[in-house]
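This is what each chain is made of:
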Amino acid sequence: MKKTPIFKVDDLHKVFHIGFFRKRVDAVKGVSFAVHDSEIFGLLGPNGAGKTTLIKSAMGLLRPTRGTVRIFNHNASNKNARAQVGYLPENPYFHEYLTPRELLEFHGRLAGMASKDIARRRDALIEQVGLVDAQKRPLRKFSKGMLQRIGLAQALLTEPKLLVLDEPMSGLDPIGRRFVTDLILDYNKRGTTIIFSSHILSDVERLCHRVVIMNKGHKAAEGHIDDLLKGDNQPQTLEDLFIQKAFS
């Protein structure tokens, strides 16, 4: 019996009207795909391909022009479904006067967590993301990489079943990227389903089970990486496939 996808995008469109003359920009053009339980699913494409717009539309930060998003077989706006999702945006912004401890406490209360659960998860996550020595430092003194780490911690705070990460390696040095990679793999082994948006091919190849490649708002390809590279007439590397699909 085929399992119901836990995240499903169906014919999603997003149109913006920009400037004084309301110029039409089609940022996402009829994209459909499904993510299944315990996958690490890659959303791949160059800058401007529409990945972030698609994710923001799915997370309720933008209203889709047309199409639907379902999470755990509910409309994406369903509160019970959204409570099971952790989200790290591409450029996270937090109140700069808060410390990591205060930030996680704040987000825990917004999520309706009990005080004892907030304290337990806060301390564990600060250690997991390597910010123990900076846990009482205000965020305005953090580097971009450190902000990315605390952003990942807040996304994991509620122990979500679905984790949506938009360019999570942005601003990280090689050690930080390895650290975050290991953390993603660890949570996936525990059963967390992860949607991973990136334009860094090595990260996608290392982490993802299946991918969608986007190009100018369209879905250019979808499938297991190995399957997409099969055949005599197919590209032989993910880099070749990416260039073929994302820049054609």
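Now for a quick tour of the structure. Predicted, not measured: the structure shown is a model, and the values here were computed from it.

## Notes on the sheet that holds strand 6 (residues 85–88)
Here is step 1: Strand order in the open sheet formed by six strands is 6-7-8-3-9-10, and the pairing between neighbours is mixed. Lying at the two open borders of the sheet, with one neighbouring strand each, are strand 6 and strand 10 (218–224). Averaged over all adjacent pairs, the angle separating strand axes in this sheet is 15 degrees, with direction ignored.
Here is step 2: Pairing between strand 9 (residues 210–215) and strand 10: six bridges, direction antiparallel. Bridging across to strand 10, Ile213 finds its partner in Ala221.
Here is step 3: Of the strands in this sheet, strand 6 and strand 7 (162–166) are in contact with helix 5 (residues 144–156), which crosses strand 6 at around 165 degrees.

## Details of the nonpolar core
One broad trend across soluble globular proteins is that nonpolar side chains are buried collectively.
Here is step 1: Residues Ile150, Ile184 and Phe196 are the most contacted members of the largest nonpolar core, which totals 43 residues.
Here is step 2: In contact with Ile184, other than residues within four places in its own chain, are Ile40, Leu165, Met169, Ile194, Phe196 and Leu207.
Here is step 3: Judged by nonpolar contacts, the second largest core, of 27 residues, contains Leu12, Val35, Ile55 and Ala81.

## Some remarks on the sheet that holds strand 1 (residues 7–18)
Here is step 1: Across the sheet, which stays open at both edges, the four strands sit in the order 2-1-4-5 with antiparallel pairing between neighbours. Each end of this open sheet is capped by a strand with a single partner; those strands are strand 2 (23–35) and strand 5 (74–75).
Here is step 2: As judged from the ten bridges shared by strand 1 and strand 2, these two strands associate in the antiparallel manner. When the sheet's bridge partners are listed, Ile18 is paired in strand 2 with Lys23.
Here is step 3: The sheet contacts of helix 1 (residues 51–58) involve strand 1, strand 2 and strand 4 (66–71), and relative to strand 1 the element is tilted by about 110 degrees.

## A look at the environment of Val31
Here is step 1: Mapped onto the elements, Val31 comes out in strand 2.
Here is step 2: For Val31, a relative accessible area of 0% gives the class buried.
Here is step 3: With 19 residues separating them along the chain, Val31 and Leu12 place their C-alpha atoms 5.0 Å apart.
Here is step 4: Leaving out residues up to four positions away in the same chain, Val31 has contacts with Val9, Asp10, Asp11, Leu12, Leu54, Met214, Gly217, His218 and Lys219.

Procedures and definitions
Residues numbered from 1 in each chain as written. Predicted model: local features only at pLDDT ≥ 70, side-chain atom pairs only at ≥ 80, totals over all residues. Heavy atoms only, no water. Pairing = 2+ DSSP bridges. Helix = DSSP H or I, 4+ residues; strand = E, 2+ residues; numbered from the N terminus. Axes fitted to C-alpha atoms, helices over the stretch in contact; angles between N-to-C directions. Contact = heavy atoms within 4.5 Å. Core = buried A, V, L, I, M, F, W, Y, C linked by side-chain atoms within 4.5 Å. Buried < 20%, exposed > 50% of the residue type's maximum accessible area, 1.4 Å probe, protein only.

Everything listed is a geometric property; what it means functionally is a separate question.
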